[in-house]
Structure formats: C-alpha cells, structure tokens
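Understanding the architecture of this molecule
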Amino acid sequence: MKRAFYIITLLVCSTSIGQKNDPENNKFKQMKDLMATPNVYRTAAGAPGHQYYQQKADYKISVELDDENQKITGEEYITYTNNSPDQLEYLWLQLDQNMRAQTSDSKKISTETMEDMSFWSIARMTNDFDGGFKIVEVTDASGSPLKFTINKTMMRIDMARSLASKGTFTFKIKWWYNINDRMKIGGRSGYEYFSDEGNYLYTIAQFFPRMCVYNDVEGWQNKQFLGRGEFTLPFGDYEVKITVPNNHVVAATGELQNSTSVMSKAQLDRMKQAKTSKDKPVMIVTPEEALKNEKSKADGKKTWVFKAKNVRDFAFASSKKFIWDAMDAEYNGKHTLAMSFYPKEGNPLWEQYSTRIVAHTIKTYSKFTIDYPYPVAISVHSNHIGMEYPMICFNGGRPEADGTYSEQTKYGMWGVIIHEVGHNFFPMIINSDERQWTWMDEGLNTFVQYLTQEEWERDYPSRRGPAYKIVDYMKGDKSNISPIMTNSESIFQFGNNAYGKPATALNILRETVMGRELFDYAFKIYCERWKFKHPSPEDFFRTMEDASGVDLDWFWRGWFYTTDHVDISLDNVRLYTLNTGNPEIEKKWQKEQDAQRNKFIGDLRNDTAIVKTMDEEYPELLDFYDKWDPYSFDSYDLEQYNRLQERLSKKDKEILESNYLFYQLDFSNQGGLVMPIIIKFTYEDGTEEVERIPAEIWKHNNFQISKVFIKKKEVVSIEVDPFLETADTELDNNNWPRKVIPSRYKLFMERKTKGHNMNPMQRAKSLEEEK
C-alpha cells in the first residue's frame, strides 16, 4: 500500500550507535533505588507525616560592637526544646567563626597552583588574622558550669542528664571574637573600612554560637563548616540587644522594640509616613543627615533591641554612614515594611532602586511561593557582597566614585538584591539543609529570581534560567562537572551546578514539560507544605509529582542525579506517499521517478566516452525484456486493482485518495538526557506548525526512535528545539535540510583611544564636557 516517493537521508555521526537499552538502567526507571523510604515523618506524597517533628531553639542575646577594636563580645541564653521522640544525651552547636581560626581545616584543605596566585590570594593565605570564637564560659540556667567539647566548627555540650522527649533545657554561653576585614580576607560577614574617612560599615552574621538541627533525616546535622556548604538551623524566637556607638544606625532581623530610645522624633515621623507609602520610599535618615553623622565622633553608646518570632537565624548591620529609607510592600492584603540601609557610596543606584526592588521581590515571590510572613524586609549595602539572613540581607552593587555606573553594575545590583531578598523564602522559611544540599535553596531561589526579574523589566538580561544559557556548562568536560545531587563541599563549578542548572531545570519543567498551570500549583503546594519546616530533596521531588499528576522520575534522575546533557539529533528524514494501487497512476509515477534517477546516475557516470555498447553492436543479444515496456499495464493489473477496491471500506478509500504525505523522522539521543522533542515544520506555502512530543517517546528505546508525521502539505524544512527551550547542546544536528549554525568570533585589540576604560555614563559625561 505504500510507495517510496523520495527518501532524504541525513547522515550524522552518532555517539549513541552501539548503545543498548539496559532494562536495569532505563532512564524511565522509577526512583525507588535513589530515594529514602517514606515513613511516619515524611510521606510518599512528599508531605510532612503525621508524626513529623522539629526542634525549637529560643535565644536571648546581648552583644556589644567594639568600633575601636573591631570586636564582638556577647552572651546568650538558649532554651532548647526537644520535640523529637528521642532522648538526647548531648547538644550540638555551630561555631562558624572558627572557620577563620589559624588552625582551621578550611585553610589546610584548600588547593592551588602557582597559576592561581594573585596579590589578593597571597594576602589571604598569609594573613595572621586571629579569627574564631573565644568561648569564655558555658553554664546551665543556674550558673553551674557545663562540660563542653569544641571540635573545630562544632561544639558539643554534655548535659548532666539526658533531655527527654518534649523536655526543655536552658543554658548560657559567653564569647567574643575579632571581626574580619571582608575586603582583605573575604567572608560572608565582617566589616568594610573606608580609609579616607576612618569609618567602618559592619555586616555581622554567624556572630553567636547557634544550635544545630536534629531531625529524622540526619540525626544531628553536625557536618563541619568548611566555607561552602552553608547553614542548617532550627526555628525559634529571638530577643537581641545590640550595643553600638551612639552615632551608629542599626538594621537587624526582626522588629525594633525601642525606637523612641534610638531614633529622633523626625525619624519616627518619617517612619510613620513610610508605612503607608506604596509608590516610593521615604527617607528615614536622609543623605544630609548621614553625611553629618559619618563625620561625628561617638560620645557614648546606644542599645538597639530587636525581637523576631519563628526565625532560624539573626543578623545585623551597623554604621554611622547609613542612609535609611523605607516603603510599604502590599501583597494579598498583607503589608511588609521594605527598607534599605546604605552609605553615600551606594548612590545614585541605591536611593533610586534598592527599596523598590525589595518591595517588588516580596510581592512577586509571594505570588509564586507563599505569602511573606514577616513584618520587615531589609537590603543593606556593602561592597562586593551578597548574603542572606531572615528579614535582612547584605548586597553589593556600587557605582564609581563619580556617581556613574556601568550597565553591568546596575543589573548586578538589581540581581543580587532580588536573589538575597528571595532567600527569605528559600531557605529562611522553606528551611532546607544547606550544609548538605546547596541546590535546594540556591537553585530554587535562582529560579524564582528569574521569574521576578522578568516582572521587573521586560527582556531582563537574566544570567540564569533560560535553557540556552546552561548549554556551554552542560556540554563541557564531564570530569569537571558534578551531578546536582552532590554534597555542597564536593561540587565542581559551584555556581553552574547549584544555581544555574537547577534553576534551568525548573524553568524547563514549567515551560516545556509540565506547563505553567500544573507546575505553579505543585510548586506552591511544596512551599505551603514545607514552610517553617525542614524539607529534603525527596519531599520536593515527590510533592511536584503528587500535586501535578505528572511522573517526573525520568526528569529528576537525568537532570539531578547524572551529568548527562541534552543533544537530540535529527538523523534522517524520509518522505512517503500512499500507493493507490491504480496501475495507470502508479506506472506513470514509477516512470517519472526512474527517469529522474537514471538521469542523476547518468550525470554521475558521465559515460559519453563509450562509443557503442555490445548490445548496440549485436542486436541479436536483445530479448523480450529489452522490448517490453515495464510502465505499461494490462487487464491483469486492472483486475487486481478492482479486487483491491472491493475490499476497501469507504474510510479506507478516503485515506487512499487523501494525498497525505508521510514523513518518517529518525532521532538519536546523543547526550544521554531524555527530553521532549519540539519540532517546527515549515511548509512550501510559508506557513509553520509546531508539534510537541512528550519525553515518554523514549520509554522503550532511550537512544534511538522514529516517528511518522502525516501532513497535508509539503514540508520544506524541519527544526528541532526551535525556541531553544530544552538546553540542546548541539544545534548543528537539529535541522533538515542541514544548516550551518553561526557563531560569533570576536578579535580583540588594545584600544588606545581616550575613554576606553570608561563606562558609557562616563564617556557621555566626558563628551558633554568637551562640547
């Protein structure tokens, strides 16, 4: 019933040739071999189980900032509640500052070559900074000493008796430590020194001994802090008293409790106005007041008191340089005070953008995740930083000294504020284990950051999120790539692995695999289920499937557990039309096809040099078949055709007469990742059609598949992944007919012209001055 009209074959060198399907390693195999067994604490649906528990740690902290010696001194009372069913013989606390001790493992295990050496790296390696917590005493609530053991960045406290299930234990710690100069030796927190003024700007975090998490997944999460894998912390209530020089302004986690003691009447009036200002920020401390303040000398101390409920951590910033502005962020009938604290060096960027971006981020994340539950959200500016804590974050993005800035600086500042404010949701509220799985907060946060940037500016130049931007990483040297499901300390290419790839994966799920409606619903369910709780990777994977009804095991397995990449090759295209069985039509068609073929072959052979063939020289060599016309037909052919017609139904005859064109497309999976196949057909009349084939087309053969497409119009070109939405790493094998995919090769030469080191704003200013 079918005749070959013509066959177009695209020959492609295929790395999948010879690869065999292995049922044991089928890419659609369910993930029971990789995921923890559901239990009473975590269900197979990805939700907290009926016996789920988590611990609580409440803090009362008093700290003093020594601006003369750059030192923090503090004491804390911790009340620890054991909600687990277990008796606890001891408690574990994190001493993160010990990473900066001279004996720190972080220094010992760092590797480098001479090619890595720079003045900055040498300075870091040879610094004699006396870092780390100096623990003065550890006592119980009555003041009796407690036995404790410090193991590098962890401290174990041995209680006199085990802490029973549902029991509480209160103890006290006194400590101090030297604050690090971030600009010299780096760090997530520390100080920035303004040498021309003699002033400091402090961004202070990990400044107190903090409880470790104890849960059903890890027991005590007391994996050492080596610098990369961040923090795993229980929720609790905080009351923190921060004593600073009396000309300092303080920003911190939580709500200020004694504003009348630390703020002027004018500032209090402006704050009242800011709480109802929805269109633009209101200055609480004006640039003029900040300039005057930074030139002043402290003549005493002030204590700022903050309270925060149900948070996992606490951080603060302090300086006499701060400008302070605020505005109301309203979302779903709720209100949060968005605020920014920044030195004059941050302007004009910070005054124009920071607080508006904070408000926008809170609103947009609340749309895609959960409603932001806290009363404030703060962005603090210090140079070359991006770090997050509950309700407060520290962000870079500094203009040049003349107030101009490059476009890169502007977008960098926007991006880091959105990202760090977004961390309020991941992991500050949806509280994953950062020490173990960086991607669970950084990857999910980078994904929602991408959505937020899209709603901030049309055609926002996002660095991460769009599928095509992860291609270079995914097709790179596999010896320098880790699966996403790799412990934080062991990851190669940290940014691509923990930020870029998971964000891209989620974007592909939303746009290509699941669709926005199913994805958005399931993602919000995950966020609602695990807000103020401790989710694991399995909880995320299971919830996304459970709430959407989409089997995603193939996707998690490929994208998160392997280093495979996407490369779907369109190897062959063949076109068929139906054989009508009518000898008059079919013989004529065959004659035309053979004539085309014979002419093509004759042109290739170029046999004009043959003067005469043997059968031309000796006609007696000719027989019946030399005189027979193979394109003629007789009564036997007509009888066969009539019998065929009698057997066909009305529907069969309609199909036979339809003039359908049958295109067989042969695909191979060159990269390893099974993915949906998106195909754009362009027709002879100039119209286009896109067909979307689910990834399950690969379920029986993970490496090579064929599919027939029935068309009513002639196809002139075919393109796979036309919108660059699957992260396909090789576009050269995505087209029929083959296309040469252009790339840009730029020649660099040193420019000697005036202004070659200026940003566009500086050049424009210089040209204006010349005029």
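Provided above is the structure to which this section pertains.
Structural notes, computed from the coordinates. (Residues numbered from 1 in each chain as written. Predicted model: local features only at pLDDT ≥ 70, side-chain atom pairs only at ≥ 80, totals over all residues. Heavy atoms only, no water.)

The subject of this paragraph is a negative patch on the surface. A contiguous patch of negative charge on the surface is contributed by Asp-615, Glu-616, Asp-623 and Asp-626. Relative to the assigned elements, Asp-626 resides in helix α17 (residues 624-627). (Patch = residues over 30% accessible without salt bridge, like charges linked within 9 Å, V, L, I, M, F, W, Y side chains within 5 Å. Areas by Shrake-Rupley, 256 points an atom, 1.4 Å probe, with all protein chains shown as cover. Salt bridge = Lys/Arg side-chain N within 4 Å of Asp/Glu carboxyl O. Lys, Arg positive; Asp, Glu negative; His and termini not counted. Charge placed at Lys NZ, Arg CZ, Asp CG, Glu CD. Helix = DSSP H or I, 4+ residues; strand = E, 2+ residues; numbered from the N terminus.)

We now examine the side chain of Ser-548. Among the structural elements, Ser-548 can be located in the loop between α13 (537-546) and α14 (553-561). We classify Ser-548 as buried; its relative accessible area is 10%. Engagement of the side chain of Ser-548 in a polar contact is seen with the backbone oxygen of Met-544, the distance being 2.6 Å. A polar contact of 3.2 Å, which involves the side chain of Ser-548, links it to the backbone nitrogen of Val-550. For Ser-548, the residues in contact, after removing those within four places along its chain, are Met-514, Leu-518 and Ala-522. (Buried < 20%, exposed > 50% of the residue type's maximum accessible area, 1.4 Å probe, protein only. Polar contact = N/O pair within 3.5 Å; in protein donor to acceptor, adjacent residues only side chain to side chain. Contact = heavy atoms within 4.5 Å.)

Here the focus is the nonpolar core. Considering soluble globular proteins, one finds that nonpolar side chains tend to be buried as a cluster. Counting 188 residues, the largest nonpolar core has Phe-523, Phe-540, Phe-555 and Trp-559 as the members making the most contacts within it. Tallying contributions element by element places helix α7 (residues 349-368) first for this core, with nine residues. (Core = buried A, V, L, I, M, F, W, Y, C linked by side-chain atoms within 4.5 Å.)

Attention now moves to the sheet that holds strand β10 (residues 199-204). Overall, antiparallel pairing links the four strands, which are arranged β9-β10-β19-β15 in an open sheet. Each having just a single partner strand, β9 (190-194) and β15 (249-252) make up the two edges of the open sheet. Within the sheet, the average angular offset between the axes of one strand and its neighbour, ignoring direction, is 10°. Direction of pairing for β10 relative to strand β19 (residues 316-319): antiparallel, over a ladder of four bridges. Residue pairing for β19: Leu-201 is matched across the bridge by Ser-319. (Pairing = 2+ DSSP bridges. Axes fitted to C-alpha atoms, helices over the stretch in contact; angles between N-to-C directions.)

What the four strands build is an open sheet, ordered β6-β7-β4-β11; its pairing is antiparallel. The sheet is open, and its two borders are formed by β6 (147-151) and β11 (210-211), each paired with just one other strand. Bridging between strand β4 (residues 88-94) and strand β7 (residues 154-163) involves six bridges; their strand directions are antiparallel. Bridge pairing links Leu-88 to Leu-163 in β7.

Here the focus is the packing of aromatic side chains. Summed over the entire model, instances satisfying the criterion amount to 55 aromatic pairs. With a centroid separation of 6.3 Å and 70° between ring planes, the pair formed by Phe-207 and Phe-314 is classed as edge-to-face. Of this pair, Phe-207 sits in the loop between β10 and β11 while Phe-314 sits in the loop between β18 (301-311) and β19, and the two are 107 residues apart along the sequence. As far as the burial class goes, Phe-207 and Phe-314 line up, both buried. Ring centres of Tyr-238 and Phe-314 lie 6.0 Å apart, and the angle between their planes is 25°; on these two criteria the pair is classed as stacked. Within this pair, whereas Tyr-238 is found in strand β14 (residues 236-245), its partner Phe-314 is found in the loop between β18 and β19, the two being separated by 76 residues in sequence. Phe-314 carries the same exposure label as Tyr-238, and that label is buried. Its guanidinium or amino end placed over the ring of Phe-231, Arg-210 lies 4.6 Å from that ring's centre, counting from NZ or CZ. It is Lys-707 that lies over the ring of Phe-709; its NZ or CZ is 5.9 Å from the centre. (Phe/Tyr/Trp six-rings, centres within 6.5 Å; stacked < 30°, edge-to-face > 60°. Lys NZ or Arg CZ within 6 Å of the ring centre and 35° of its normal.)

Read these as spatial facts, not as claims about activity.
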